[in-house]
Amino acid sequence: MSDHQPGAPSIETLLATLASEFEGAVTPPIVQTSLFTFDSYQAFEDRMSGRSDDPLYTRVQNPTVAAFERLIAAAEHGEAAVGFASGMAAISSVVFAFVRPGDRIACVEHVYPDAYRLFERLMRPFGVEVSYHPVEAFQSDAEIFQGVKLAYLESPTSAVFQTLDLERVAVNAKRHGALTVVDNSWATPVFQRPLTLGIDIVLHSASKYLSGHSDTVAGVVAGSEEKITRIRDLSLTLLGGKLAPFEAFLLTRGLRTLGARMRQHQSTADVFVERLSVHPLVTGIFSPGPGSAPGLEGRSGLMSVELDKTIDIPRFADALKLFRLGVSWGGFESLILPAQIALNQAGEQNSMQRFGVSGRIVRLSLGLEDPNDLWADFDAALKASAT
Ligand SMILES: *Cc1c(COP(=O)(O)O)cnc(C)c1O
């Protein structure tokens, strides 16, 4: 790791060795309880008055969840972290902890579609202004941070994977007193640590790479002790979107192999990018690699490709044998999501429609299968669907 200090453990070592703090057990037990009792009136009163922080009630505090939170805080170089029931619970909890009616959120275009809907359908009716800007606007110290309470960022963004110079964005935002929040689900702390670049808050859909096994829906937020305490006290306690102990156990299990999985996803993605870039039926590749932005150290397995207009995309999708069709990403299994399906989604307008993603784009989540098997499947399906 480029920011690897002499004597400090690398992220792989940290994720494998950080102790579970349960009397020598290498994995944390699943503390499946709603409440914790006290030995005495005094101990109970000490807890309620804030003189102790013994566990009280699982909505707010649970030892299995705390083990996961410690691991993420260390991996993201934050002082603290707080787990949530989903990535969306993490996002909404951050926003509700810091934004009030009359405040303004500045958001990247091509933001995750449900984050866009949160801003449009919930925050706007609560009197919160939301403006959307291309990634370049956040990097030039333009007026966009003026009067902004919170800058909501993804790097790379969803669907088209545009990257941000997070260090520069953090400097620009600080000058105007705006809080910066980055969704780091794509890169994971293995490839990018936004807090070390000056960003205030980093969050994840832990349902993706952090879990890695497509068996959990969860979220997590990391940052300074002060900010995480505020999110915990206001949003976790009062909105109540808590992470369950069993899910936290699965996430800790997933994190132990995060480094190895991300390097495998990267090597498969590198094979794809190399072969896609010379493929006659591929007209565009959206896959930022190491160095595409300062502090981005790897390429994850989630990318988009634009297919030639001679490709019948429904036929292509149906011709694939190893890639499965579905939402979500970041698991062991390879998936495709044709943009046209998201563009045709029922209900409110989503960010993909508003900011103009091409219907010829297909998103790939490259899993842990053999890269040559995956490529053979992808290439055969392309050839079988050219008209
Ligand atoms: C999936 C996703 C989310 C939402 O996470 P859930 O765990 O599904 O609630 C947020 N951000 C990004 C970039 C995602 O891909």
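Just so you know, these numbers come straight off a predicted model, no measurement behind them. (Residues numbered from 1 in each chain as written. Predicted model: local features only at pLDDT ≥ 70, side-chain atom pairs only at ≥ 80, totals over all residues. Heavy atoms only, no water.)

### Quick look at the site of the ligand
Move 1: Close contacts around the ligand come from Ser86, Gly87, Met88, Ile91, Tyr112, Asp183, Ser205, Ser207, Lys208, Ala218 and Trp329, and that covers them all.
Move 2: Within the side chain of Asp183, an N or O atom sits 2.6 Å from a nitrogen atom of the ligand.
Move 3: With respect to the ligand, the side chain of Trp329 contributes an N or O atom lying 2.9 Å from an oxygen atom.
Move 4: When the ligand sits alone it has 380 Å² of accessible area, and the protein chains cover 88% of it.
Move 5: Its residues assigned to classes, the shell around the ligand comprises five nonpolar, four polar and two charged. (Near = heavy atom within 4 Å. Polar contact = N/O pair within 3.5 Å; in protein donor to acceptor, adjacent residues only side chain to side chain. Areas by Shrake-Rupley, 256 points an atom, 1.4 Å probe, with all protein chains shown as cover. Nonpolar A, V, L, I, M, F, W, Y, C, P; charged D, E, K, R; others polar.)

### Side note on the domain arrangement of the protein
Move 1: When the domains of the protein are assigned, the result is domain 1 (11–256) and domain 2 (259–385).
Move 2: The partner domain 2 presents 38 residues to the 37 residues of domain 1 that form the contact.
Move 3: Between domain 1 and domain 2, a total of about 3,400 Å² is buried, with carbon and sulfur atoms accounting for 60% of that surface.
Move 4: For the domain 1 face of the interface with domain 2, the top three residues by lost area are Trp186, Phe191 and Tyr209, together amounting to 25%. (Domains from an automatic or database assignment. Contact = heavy atoms within 4.5 Å. Buried area = accessible area lost by both parts, 1.4 Å probe.)

### Topic: the pairing of strand 3 (residues 129–133)
Move 1: With four of its five residues buried, strand 3 lies for the most part within the structure.
Move 2: Sheet topology places strand 2 (residues 104–108) next to strand 3; five bridges connect them, and they run parallel. Paired with Cys107 across the strands is Tyr132, a residue of strand 3. (Buried < 20%, exposed > 50% of the residue type's maximum accessible area, 1.4 Å probe, protein only. Helix = DSSP H or I, 4+ residues; strand = E, 2+ residues; numbered from the N terminus. Pairing = 2+ DSSP bridges.)

### A short note on the pairing of strand 11 (residues 335–338)
Move 1: Side chains Leu335 and Leu337 project from strand 11 onto one buried face, and the interleaved Ile336 and Pro338 project onto a second face that is buried too.
Move 2: Across four bridges, strand 11 lies against strand 12 (residues 361–365) in antiparallel orientation. Across the sheet, residue Pro338 finds its bridge partner in strand 12, namely Val362.

### So, the environment of Glu226
Move 1: Its location among the elements puts Glu226 in helix 9 (residues 225–239).
Move 2: It is 8.7 Å that separates the C-alpha atoms of Glu226 and Ala80, two residues lying 146 residues apart in sequence.

### Regarding the side chain of Thr157
Move 1: Mapped onto the elements, Thr157 comes out in the loop between strand 4 (150–154) and helix 7 (166–175).
Move 2: Among all residues touching Thr157, those that are not within four sequence positions of it are Val108, Glu109, His110, Val135 and Gln162.

### Brief notes about the sheet that holds strand 10 (residues 324–325)
Move 1: Across the sheet, which stays open at both edges, the five strands sit in the order 8-9-12-11-10 with mixed pairing between neighbours. Strands at the two margins of the open sheet, each flanked by one partner only, are strand 8 (282–286) and strand 10.
Move 2: Across the face of the sheet, helix 11 (residues 258–276) comes into contact with strand 8, strand 9 (302–307) and strand 12 while running at roughly 15° to strand 9. (Axes fitted to C-alpha atoms, helices over the stretch in contact; angles between N-to-C directions.)

### Remarks on unusual backbone geometry
Negative phi characterises most residues that are not glycine, and trans characterises most peptide bonds.
Move 1: The residue after Ser155, namely Pro156, is reached through a cis peptide bond having omega 5°.
Move 2: By secondary structure assignment, the location of Pro156 is in the loop between strand 4 and helix 7.
Move 3: For His110, which is not glycine, the phi torsion reads 60° and is therefore positive.
Move 4: With respect to the helices, strands and loops of the structure, His110 is situated in the loop between strand 2 and helix 5 (113–123).
Move 5: What makes His110 buried here is its relative accessible area of 8%.
Move 6: The phi dihedral of Ala159 falls on the positive side, at around 65°, and the residue is not glycine.
Move 7: Inspection of the secondary structure assignment puts Ala159 in the loop between strand 4 and helix 7.
Move 8: Residue classification places Ala159 among the buried positions, given a relative accessible area of 14%.

### A few points about the nonpolar core
Move 1: Ranked by size, the top nonpolar core spans 52 residues in total, and within it Ile105, Phe119, Phe138, Tyr152, Leu153, Val221 and Ile231 carry the most contacts.
Move 2: For this core, the element with the highest residue contribution is helix 4 (residues 87–98), accounting for seven residues.
Move 3: Ignoring anything within four residues of it in the chain, the contact list for Ile105 reads Val95, Val99, Phe119, Val128, Glu129, Val130, Ser131, Leu150 and Tyr152.
Move 4: In this structure, Ile11, Leu195, Leu243 and Leu296 belong to the second largest nonpolar core, which totals 32 residues. (Core = buried A, V, L, I, M, F, W, Y, C linked by side-chain atoms within 4.5 Å.)

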